[in-house]
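Single-letter residue listing:
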Amino acid sequence: MTLEERMLNGKLYDCADEKLQAQQRALNELVFDYNNTRPSDGQRRQELLRQIFQDMGEGCYIEPPLHANWGKYTHLGDFVYANFNLTLVDDTHVYIGNHVMIGPNVTIDTGTHPVCPELRWHAVQYNLPVRIGDNVWIGAGAILLPGVTIGENSVIGAGSVVTHDI
């Protein structure tokens, strides 16, 4: 099994591997370019997002800054909106459904480390995919941890109060 296959399939792997880090740095350059676009440069932003993400449906909008470990393991459905400071620790697949709204300062994290200290000394980690169904609202500051699945029509948030629907 290759290092990337281990990375994508919940197996322990060396996250400090130089080849992996070189690939990641190249993808991070695209994220840097995206974060440094002008607000009026919508077409360039869309082009960069299509290079960053594995899949991106129609009508997606991500407010910079965006932070992504890889980008290439993230799949966006149609009409995904993410506010400022979306952080994707996307060391394996992140699946985001259609019509998903993501508030500011949200973290979606697929990477984790073993609880055994001896293994952590060796800079190993493993990853579990995150799946977000259609028509989900993820409120400001939410953190989705490795292996989480959010069902369709869900609302995720901390301390949120819904006062009324229109």
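What you are looking at is a predicted structure, and each value in this text was computed from that prediction instead of being measured. (Residues numbered from 1 in each chain as written. Predicted model: local features only at pLDDT ≥ 70, side-chain atom pairs only at ≥ 80, totals over all residues. Heavy atoms only, no water.)

**Remarks on the side chain of H75**
Along the chain, H75 turns up in strand β5 (residues 74-76). For H75, a relative accessible area of 10% gives the class buried. Within the structure, the side chain of H75 is placed 2.5 Å from the side chain of D55, a separation counted as a polar contact. In this structure, H75 is in contact with Q54, D55, H93, V94, Y95 and I96, ignoring residues within four places of it in sequence. (Helix = DSSP H or I, 4+ residues; strand = E, 2+ residues; numbered from the N terminus. Buried < 20%, exposed > 50% of the residue type's maximum accessible area, 1.4 Å probe, protein only. Polar contact = N/O pair within 3.5 Å; in protein donor to acceptor, adjacent residues only side chain to side chain. Contact = heavy atoms within 4.5 Å.)

**Here we look at the sheet that holds strand β1 (residues 13-14)**
Across the sheet, three strands lie side by side as β1-β12-β11; this open sheet has antiparallel pairing. Two strands in the sheet have a free side with no partner beyond their single neighbour: β1 and β11 (111-112). As judged from the two bridges shared by β1 and strand β12 (residues 124-127), these two strands associate in the antiparallel manner. Within β12, the residue paired with D14 across the bridge is V124. (Pairing = 2+ DSSP bridges.)

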